[in-house]
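What follows is the residue order along each chain.
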Amino acid sequence: MKIVVDRTLCGALGMCEELAPEYFEVKDDGVMAVLKDDVSPEDLDRIHDAVARCPRQALDVR
Amino acid sequence: MTDAVPAPQDAPTLEVYSFDHPHAVPARDLVHVLGGKGAGLAQMTTVLGLPVPPGFTLALSVCRAYWDAGWPNGLDDALRHHLAQLEQKMGRRFGDPADPLLLAVRSGAPQSMPGMMDTVLNIGLNDACVEGLAEVSGDPVFAWDSYRRFLEMFGATVMGVDEHLLRMDDDDRQLDHIKKHVGTLKERIAAHAGRPVPTDPFQQMREAITAVLESWESPRARAYRAAEGLTEDTGTAVNVQAMVFGNRGSDSGTGVVFTRNPLDGTPVLYGDYLPEAQGEEVVAGTAHTQPLSYLADHVPSAWTDLLASLAHLEEHYRDMCDVEFTVENGRLWLLQTRVGKRGAVAAIRCAVQMVADPTIQLTEEEALDRATPDLRDKARAEVLAGAGTTRPEHVKVTTGLGVSPGRVAGRVVLSSIEAATSDGQVILVRPETSPEDIAGMAAAAGILTTTGGLVSHAAVVARGWHLPAVVGAKELTVLGRNVTTAAGLKICAGDVITIDGATGEVWLGDATHDARPLSAEDEAALIGAVLPELLVLESWESTRKTTEGDEKR
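Residues numbered from 1 in each chain as written. Chains lettered and ligands numbered in written order. Predicted model: local features only at pLDDT ≥ 70, side-chain atom pairs only at ≥ 80, totals over all residues. Heavy atoms only, no water.

A. Summary view of the overall build of chain A. Scanning chain A from N- to C-terminus turns up 2 helices and 4 strands. The order of α-helices and β-strands along chain A, N terminus first, is β-α-β-β-α-β. Taking the principal axes of the C-alpha coordinates as reference, chain A spans close to 30 × 20 × 15 Å. Expressed as a percentage of the 62 residues in chain A, the buried residues total 47%. Residue pairs in contact within chain A that sit at least 24 positions apart in sequence constitute 54% of those at least 6 positions apart. Of the accessible surface of chain A, which amounts to about 2900 Å², a share of 51% is contributed by carbon and sulfur atoms. Charge-centre separation for chain A: the mean point of 8 positive side chains lies 4 Å from the mean point of 14 negative side chains. (Helix = DSSP H or I, 4+ residues; strand = E, 2+ residues; numbered from the N terminus. Buried < 20%, exposed > 50% of the residue type's maximum accessible area, 1.4 Å probe, protein only. Contact = heavy atoms within 4.5 Å. Areas by Shrake-Rupley, 256 points an atom, 1.4 Å probe, with all protein chains shown as cover. Lys, Arg positive; Asp, Glu negative; His and termini not counted. Charge placed at Lys NZ, Arg CZ, Asp CG, Glu CD.)

B. Representation of the domain arrangement of chain B within the structure. Residue and element names in this part refer to chain B. Partitioning chain B into domains gives domain 1 (344-384 + 518-552) and domain 2 (388-508). The straight-line distance from the C-alpha centre of domain 1 to that of domain 2 is 30 Å. Taken together, the contact pairs 5 residues of domain 1 with 4 residues of domain 2. Carbon and sulfur atoms supply 49% of the area buried between domain 1 and domain 2, which totals about 330 Å² over both sides. Taken as a group, A344, K378 and E382 account for 72% of the area that domain 1 buries against domain 2, more than any other trio of residues on that side. Connecting domain 1 to domain 2 are 0 salt bridges. In terms of residue count, helix α14 (residues 373-387) provides more of the side of domain 1 that touches domain 2 than any other element does, 4 residues in total. (Domains from an automatic or database assignment. Buried area = accessible area lost by both parts, 1.4 Å probe. Salt bridge = Lys/Arg side-chain N within 4 Å of Asp/Glu carboxyl O.)

C. Structural view of the packing of helix α4 (residues 127-137) of chain B against helix α5 (residues 140-158) of chain B. Residues and elements named next belong to chain B. Direction vectors running N to C along α4 and α5 enclose 145°, while the axes themselves pass 7 Å from each other. The interaxial crossing formed by α4 with α5 has right-handed handedness. Residue-level inspection shows D127, V130, E131, L133, A134 and S137 of α4 in contact with α5, the latter providing P140, F142, A143, W144, S146 and Y147. (Axes fitted to C-alpha atoms, helices over the stretch in contact; angles between N-to-C directions. Left-handed = near helix turned anticlockwise from the far one by under 90°.)

D. Highlighting the environment of L86(B). Tracing the sequence through the fold places L86(B) in helix α3 (residues 75-90). Considering only alpha carbons, one finds L86(B) and T543(B), 457 residues apart in sequence, at a separation of 55 Å.

E. Quick peek at the packing of aromatic side chains. All names here are of chain B. In the structure shown here, the tally under the stated rule is 7 aromatic pairs over all chains. A centroid spacing of 5.6 Å and a plane angle of 90° characterise the contact between Y66 and W67, whose relative ring orientation is edge-to-face. Here the aromatic rings of Y273 and F325 are separated by 6.1 Å at their centres, their planes lie at 5°, and the arrangement is stacked. Of this pair, Y273 sits in strand β9 (residues 270-275) while F325 sits in strand β11 (residues 321-328); the two residues are 52 residues apart in sequence, bridging distant segments of the chain. (Phe/Tyr/Trp six-rings, centres within 6.5 Å; stacked < 30°, edge-to-face > 60°.)

F. Examining the pattern of salt bridges more closely. Residue and element names in this part refer to chain B. This model, assessed by the stated rule, comprises 34 salt bridges over all chains. Between R222 and E217 there is a salt bridge, with its nearest N and O atoms 2.4 Å apart. For R318, the salt bridge identified is with E366, shortest N-O distance 3.1 Å. Taken together, the residues span a long stretch of sequence, with R318 in the loop between α11 (300-317) and β11 and E366 in helix α13 (residues 364-370) at a distance of 48 residues. Among the residues examined, R318 registers a relative accessible area of 26% and is labelled partly exposed.

G. Local environment of the interface of chain B and chain A. With 28 residues of chain B in contact, the opposing surface of chain A contributes 24 residues. Three residues, R338(B), K341(B) and I438(B), lead the burial of chain B against chain A; their summed loss comes to 25% of the area buried on that side. Counting across the chain B and chain A interface gives 1 salt bridge. Close ionic contact of R56(A) with D322(B) constitutes a salt bridge, the shortest N to O distance being 3.5 Å. Of all the elements in the fold, those that place two or more residues in the side of chain B that touches chain A are β6 (119-123), α5, α8 (219-228), β12 (331-339), α16 (438-443) and α17 (457-465) of chain B. If one sorts the elements of the side of chain B that touches chain A by residue count, α17(B) sits on top with 5 residues. Residues belonging to the side of chain B that touches chain A are distributed by class as follows: 13 nonpolar, 3 polar and 12 charged. (Nonpolar A, V, L, I, M, F, W, Y, C, P; charged D, E, K, R; others polar.)

H. Looking closely at the side chain of D319(B). All names here are of chain B. The residue D319 is located in the loop between α11 and β11 in this model. Judged by its relative accessible area of 9%, D319 falls in the buried class. For D319, the side chain forms a polar contact with the side chain of R342, separated by 2.9 Å. Within polar-contact distance, the side chain of D319 engages the side chain of R370 at 3.4 Å. (Polar contact = N/O pair within 3.5 Å; in protein donor to acceptor, adjacent residues only side chain to side chain.)

I. Representation of helix α2 (residues 44-53) of chain A within the structure. All names here are of chain A. Considered for burial, the residues of α2 that qualify are I47, A50 and V51. Across the axial projection of α2, the buried residues extend over an arc of 100°, all falling on one side. Away from its buried face by more than 90 degrees, α2 exposes D45 and A52. Contact partners of the buried residues in α2: β1 (3-5), α1 (15-19), β2 (24-26) and β4 (59-61). (Arc of directions from axis to C-beta.)

J. Seen up close, the nonpolar core. Residues and elements named next belong to chain B. Core analysis: the biggest nonpolar cluster contains 66 residues, and L58, L79, L103, I123, M205 and I209 have the highest contact counts within it. Take this core: its biggest share by element is 9 residues, from α5. The residues touching L58, leaving out its near neighbours within four places in the chain, are E15, V16, L75, L79, I209, A237, V238 and V240. Counting 49 residues, the second-largest nonpolar core is a separate cluster that includes V352, A379, A419 and L467. (Core = buried A, V, L, I, M, F, W, Y, C linked by side-chain atoms within 4.5 Å.)

K. Layout of α5(B). In this model α5(B) runs 26 Å from its N-terminal to its C-terminal C-alpha over 19 residues, within 8% of the 27 Å that 1.5 Å per residue would give. Just downstream of α5(B), G160(B) is the residue with a positive phi angle, here 75°. (Expected span 1.5 Å × (residues − 1).)

L. Seen up close, the sheet that holds strand β15 (residues 407-413) of chain B. Residue and element names in this part refer to chain B. Here 8 strands make up an open sheet; going across it, the order is β13-β23-β22-β15-β16-β17-β18-β14 and the pairing mixed. Unpaired on one side and paired on the other, β13 (396-399) and β14 (401-404) mark the two borders of the sheet. Across this sheet, the average inter-strand angle for adjacent strands is 30°, counted without regard to direction. By the bridge criterion, 3 bridges tie β13 to strand β23 (residues 505-508) in an arrangement that is antiparallel. Looking across to β23, one finds that K396 is bridged to W507. Sheet contacts for α17: β14, β17 (446-449) and β18 (469-471); angle to β14, the most-contacted strand, approximately 40°. (Pairing = 2+ DSSP bridges.)

M. The environment of M117(B), seen in detail. Residues and elements named next belong to chain B. Tracing the backbone through its elements, the reader meets M117 in the loop between β5 (103-108) and β6. Between the C-alpha atoms of M117 and V182, which are 65 residues apart in sequence, the distance is 23 Å. In contact with M117, other than residues within four places in its own chain, are V105, S107, T157, A208, A211, V212 and S215.

Here it is in structure tokens:
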């Protein structure tokens, strides 16, 4: 499973980073970076949570 | 255009295009040439005619040439040529110590992937130029903090110094402190990279571009392409763009605007403007914003341009949009455009009104797809909740800025931990929110903050989650376990309050519903009066069902 970001929607609000800091990080320039996009099976629930919780619906995992 | 730097004659295959280059086909179809970001910037500039800060794109073919035979012949000349054009458009020179043009360099592969270098901002700053920036912005702290950010980004992404070594370890934003930190940064980067950060702006740009091109072959990027079955031979584009600043005097500023009101969907512009400020201050909600009419009154030319751009955007996206913009010395620049987030009532009203709108011409079918049954139910509930007349015993506490509609009552909690562990409906009351508040915000029925504006963290998250929210309730002060009003009223943790995220009103007690429930007829009448668009959608829906039924027969 891979994390996909729609850059036209992402507002770098940092909610995903709070839920899964090893996957997401809002950089100093206000751009959200995906640190690793390959989701380990044991993390999948948390990543799904981050996808669902994104206020701009910018994330997907597939 | 200046005669001093002629277009390079000897390198016809070197593809470097300014954002406004007249391509033969719409730029959005040139992702295979310009990369995703470059095609987007060119599309916004040429097809939409939007005032995007100017710049140029090194096409994918430049990356391929670089990997075939190193830094291409003639590329320096091409860069100088485009740089001269950029200076002309901006009226500033790169490396001018009196008033420096600054650049951002960003990667832009056709498909985004991990391992690629992302962004270096503030290219063109050095010990001399930082003084010029301080002078023209009248804000030395801003200038030196920009320099600090440049050194951190350049040191980490271009010169490969471990970014943990470059972090500022405290939040002290005193000028002397930042200056000292800038000195430390320069020493640390030189020590770890074996050479100092280049002071020549052209060299800075060249190295940032090289770092993007190099990152195409980084192990992570290669591994990603291998795993995804992506071809190795596309390469990445590099985008070089002028930076603009909203803090260059009284005819400068920054703001955000929605093409329609995101709370109720009425077709009036909705937003705010912060004179003499940079974008981050608006988002952080730390500064006091002005209504959009301030821009109309004080910088009328930028206002006229903004109206034209917004009209273009709605026509293009066929939807409500939101825009972040900066006015720099009277000139409008659009930094970010998106399809705007909206509440349920606004979603219903927009969908129906856009069917009648001659520039958008949504079909009834499209309107029904946008206004899903869930949204319709939510809108109905919001209208009914908002209609409950408040009784005399409901003491109004204050009116803040309604940023996410819905009226809701709950017990006051003053921390996210409390919100997450409380039973029953709670309203999270905070000076402001940050990502750390995610659990509390998720558990709360509504959010009330004492600072912030339309694009503050609390506002954006609440709109995204369809959670009622009032922000910027300046008359309230959160102190310990209490909230005090300007009038001296004290609200304690555990007290019940009501917030209305459309009007921004805050009451003591539960003001969410009328004592008597509405009859079905009264309910229909109320919807008809407040949100007739909902009834229109329902009639379209029943027509659609009938038609589908006919087709099946």
